[in-house]
Structure formats: structure tokens, C-alpha cells
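Remarks on the overall topology
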Amino acid sequence: MLILPPAPTVTAQLLADAARSRRMEVRTLARRPVPRGLFGRAHLYGGEVFADAVAPELGMALLQPPSRWLADLPAEFTRREIALTTLGEAYRLDGARFVKPAAGKAFPARVYASGGDLPSGVPGQTPVLVAEPVHFAQEYRLHVLDGVVRAGGRYAVGGVLDPAPADALPEWQAVLAFAAYLFGREVEALPSAVVVDVGVIVAEDSTRGLAVVEANEAWFSNCYAADPVGVLDVVLGSALPAAAVRTRDRAFVRR
């Protein structure tokens with residue numbers, strides 16, 4: 001069974017259609033408490049507030065990438081400087097940096113002119129990723145299961161949303177080759193079901209090439225132009241009955 005939140009989204013509808021095509025039941029949870037008959041037999045797709053509210057009542061585990069995975073990646077995969085710190089420390093930045101929450105969406109992820117421009121009202125101990133500002137000419141989303149890209153496509157050009165399916169992209173084989181090399185080295189550092197964004201960094205003096213943008217929870221990631229059937233496979237593996245979590249994924253269960 002696939003559980004969806006009450007607020008409809010395009011991705012939720014695409015996943016619902018894909019689930020019904022394989023004879024899965026699809027239910028929207030518009031109110032609580034969660035029906036007892038769903039315990040231990042459901043998967044979900046939805047935002048963090050919804051997922052955190054219903055997952056315990058469903059006996060479900062949510063997989064998420066480690067907060068420091070991006071900061072720990074070798075430079076050959078990031079092609080820019082990235083550090084994991086706290087928002088309190090980031091307030092001291094005296095130059096432009098890209099800053100984003102290490103997990104969740106407590107504040108907008110973007111380039112801030114200095115630490116003084118970062119939002120207030122967020123706890124200072126919030127983990128954040130601080131990165132060298134770069135320009136991504138194209139960005140691609142990869143829906144990954146057991147180290148294999150099950151679906152994907154382009155989602156942005158020059159920082160502007162511009163989705164395109166994989167089969168329409170002449171550069172897609174190069175993206176897959178980069179992904180195969182990345183997951184060949186880093187597969188054990190990520191949950192078995194995850195979304196990884198990659199993109200082409202263009203600098204003023206040169207093109208740095210493909211690099212990892214970030215990793216995200218598959219149960220909370222937009223489908224964009226990717227094949228919903230492949231996306232569903234990854235979503236089902238990322239939000240699943242707790243009893244079905246494999247040993248290698250236990251360290252990635254959201255607390």
C-alpha cells in the first residue's frame with residue numbers, strides 16, 4: 001500500500017498512478033489517528049512534517065542520507081569546497097557562501113552574501129553545509145536503488161527549472177557513467193534507496209565538469225521528468241515497514 005498526504009502534488013499523482021498500475025492500493029491520509037489495519041504494511045511519499053507524524057503510527061522506517069555525506073565526499077566528486085558546520089558558526093562568515101540545512105528545509109538554500117544575511121529564528125545548533133558558490137549549467141536528478149540509477153532526468157538549466165526526460169538528453173550516458181563511478185566508490189555511505197542530484201559546474205575560466213550537487217530522501221523528492229515507475233521503486237525502498245529494513249540500512253533510518 002502507498003500512503004500519500006492530503007495536499008496533492010504532481011509527483012504524488014504520478015506515483016499513485018504507477019502504484020495502481022502494479023495493483024497496489026493507494027490511500028490518502030487526511031486525518032488522524034492512522035487506521036490500525038495499516039500498521040506494518042505500508043509505504044509512503046510526502047513531506048517531512050507528514051512523514052514524521054504518520055511513520056511511527058504505521059510502523060515504518062524512513063531512510064535518509066547522512067548529514068555529512070556531501071562534506072565528506074572526495075574533491076573529485078564535488079569539485080568545490082564544502083564543509084559541515086552549525087548555523088551559529090555560519091553567522092560568522094565574512095564572504096559569500098552557499099548555505100543550506102544539512103537535513104530538512106529549516107531555511108532557504110542559496111548563496112548568502114555574508115553570515116549576517118542568514119535567517120534568524122533558527123536554532124544556532126542546526127547543522128548546515130557551507131559551500132563555495134559555483135554555477136551549475138545543467139542539473140540532473142538520479143533516483144537510485146542499490147547503487148543503480150532506476151530513473152532520472154534533467155531538472156534545471158542555469159539554475160532555472162527546466163525538466164527533461166533522460167531519453168531526450170544526448171549527455172545522459174555521460175551522466176550515468178559519472179553516477180556509476182560515484183556509486184562504485186560511495187554506495188555503502190548512502191542508504192540503498194536515495195536521490196542524488198548531479199550537475200555540470202561552469203567556472204569563469206573553465207568547465208569543471210560533472211559534480212555532486214546533493215543527496216536527498218527519496219520519499220520526499222520531486223519526480224520532475226523521470227519515469228514514475230522507476231521512481232516508485234526507489235520510493236518504496238526508502239519508506240518501508242520497519243521490519244523490512246536491511247542490516248546495511250539501519251544506520252540510515254531517520255530518528
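In this report, we go over the structure that sits alongside the text. (Residues numbered from 1 in each chain as written. Predicted model: local features only at pLDDT ≥ 70, side-chain atom pairs only at ≥ 80, totals over all residues. Heavy atoms only, no water.)

Strand order in the open sheet made by the three strands is S2-S1-S3, with parallel pairing throughout. Bordering the open sheet on either side are strand S2 (26-28) and strand S3 (43-44), each of which pairs with just one other strand. Alignment of strand S1 (residues 2-4) against S2, held across three bridges, turns out to be parallel. By the bridge assignment for S2, Leu4 is matched with Thr28. (Pairing = 2+ DSSP bridges. Helix = DSSP H or I, 4+ residues; strand = E, 2+ residues; numbered from the N terminus.)

For strand S9 (residues 135-145), the buried fraction is high: nine of the 11 residues fall into the buried class. Where S9 and strand S12 (residues 193-202) come together, 10 bridges link them in antiparallel fashion. Note that in S12 the partner of Glu139 across the bridge is Gly199. Pairing analysis gives eight bridges linking S9 to strand S10 (residues 148-157), with the strands arranged antiparallel. Residue pairing in the sheet places Val144 in a bridge with Val149 of S10. Taking the residues between adjacent antiparallel strands as the criterion, S9 and S10 are bridged by two residues, where Asp146 takes a positive phi near 55°. (Buried < 20%, exposed > 50% of the residue type's maximum accessible area, 1.4 Å probe, protein only.)

To continue, consider the environment of Val122. With respect to the helices and strands, Val122 occurs in the loop between strand S7 (110-112) and strand S8 (127-131). Setting aside chain neighbours within four positions, we find Val122 in contact with Leu87, Tyr91, Ala106 and Phe107. (Contact = heavy atoms within 4.5 Å.)

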